[in-house]
Amino acid sequence: MRAGSALLSAEILLDIAGLEEGHTVLDIGPGRTGHILFPAATRVGARGKVIGLDVVKETLEMLEGVRRQYLLHHVDLLWMDIEGEHDVPLSDVDAIFVVNTAWMFKKHAEVFARLARSLGKEGKIVVVDWLPEGAHALAPRWDFRIDPRKLDVTLAHTGLRATERLQVTPWHWARVYRTF
C-alpha cells in the first residue's frame, strides 16, 4: 500500500478518469509519494506517458529517485509554477489530475484555462479536494477549502464543464471537467 492510499484511493481516481494503456497523464502537484503519479504509470504502461509537475524542487528530486529505482522511463518530472505565466508544455493529454492541490491556487480560472489547453479532444481534468465541512487532521484550514459548486461556476467561464460530481471519501469531493 502506498502512502496516502488509506485516505484516498488512487485506483478509484484512475478508474474515474478512464485511464487505459497508452494514455498520457499529467499530475499537478504529485507530492512526495507520487500517490497518483506512480499508479498512473502502471496503468498506462510503457506505451503511455506520465508527467508530474511540481513547484517544489525537493519533491521532484525525491520522486526522481523512485522513478529511477523502478526504471519508469515513461515518467517525466518537471518543475513549474502552474500559476506562473507559462503554458503547460504538453498537448493531447488524456487525463489531468489535480488532487488535494487546488485549494492552494490563488488564480483558479487562469490555472484551469491553462490546463484545459493541454487536453486532447476526449481529455478530462479530475479535481479532488477537501470538502468545505468536516474535520480531518491532514485537511487545510476551513477558510482555505474550496466549495466545489463555486469552482464549477468559475471554470464554466473558462470553457470547462463538470460532467461528474462525486464524493470519493468522507472528506473529499471530486469533479471531472471537460471542455465544451
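Please refer to the structure higher up on the page.
Quick look at the structure, then.

1. Quick word on the overall build of the chain
Next up, step 1: Counting secondary structure elements, the chain contains five helices and seven strands.
Next up, step 2: In terms of C-alpha radius of gyration, the chain reaches 15 Å, essentially the compact-globule figure of 16 Å for 180 residues.
Next up, step 3: Each principal axis of the C-alpha atoms in the chain carries an extent, and together these give about 40 × 35 × 30 Å.
Next up, step 4: Buried positions account for 52% of the 180 residues belonging to the chain.
Next up, step 5: Surface summary for the chain: the accessible area is close to 9300 Å², and the carbon and sulfur share equals 54%.
Next up, step 6: In the chain, the 22 positive side-chain charges and the 24 negative ones have mean positions that sit 2 Å from each other.

2. So, the pairing of strand β2 (residues 49-54)
Next up, step 1: Within β2, five of the six residues are buried, which leaves the element mostly enclosed by the surrounding structure.
Next up, step 2: Strand direction decides the pairing type here: strand β1 (residues 24-28) and β2, joined by five bridges, are parallel. Paired with Ile28 across the two strands is Leu53, which belongs to β2.
Next up, step 3: Read from β1 through helix α2 (residues 37-44) to β2, the crossover connection turns out right-handed.

3. A word on α2
Next up, step 1: When you tally the buried positions in α2, you get six out of eight residues, the bulk of the element.
Next up, step 2: Following α2 by one or two positions, Gly45 has its phi on the positive side, about 70°.

4. Things to note about the pattern of salt bridges
Next up, step 1: A complete count under the given rule lists 13 salt bridges for this structure.
Next up, step 2: Note that Arg141 and Asp143 form a salt bridge whose closest N and O atoms lie 2.7 Å from each other. Like Asp143, Arg141 is exposed.
Next up, step 3: Here the residues in one salt-bridge network are Glu11, Asp15 and Arg43, joined through shared partners.

Criteria and cut-off values
- Residues numbered from 1 in each chain as written.
- Predicted model: local features only at pLDDT ≥ 70, side-chain atom pairs only at ≥ 80, totals over all residues.
- Heavy atoms only, no water.
- Helix = DSSP H or I, 4+ residues; strand = E, 2+ residues; numbered from the N terminus.
- Rg over C-alpha atoms; globule rule 2.2 N^0.38 Å.
- Buried < 20%, exposed > 50% of the residue type's maximum accessible area, 1.4 Å probe, protein only.
- Areas by Shrake-Rupley, 256 points an atom, 1.4 Å probe, with all protein chains shown as cover.
- Lys, Arg positive; Asp, Glu negative; His and termini not counted.
- Charge placed at Lys NZ, Arg CZ, Asp CG, Glu CD.
- Pairing = 2+ DSSP bridges.
- Right-handed = clockwise from strand over helix to strand, strands pointing away.
- Salt bridge = Lys/Arg side-chain N within 4 Å of Asp/Glu carboxyl O.

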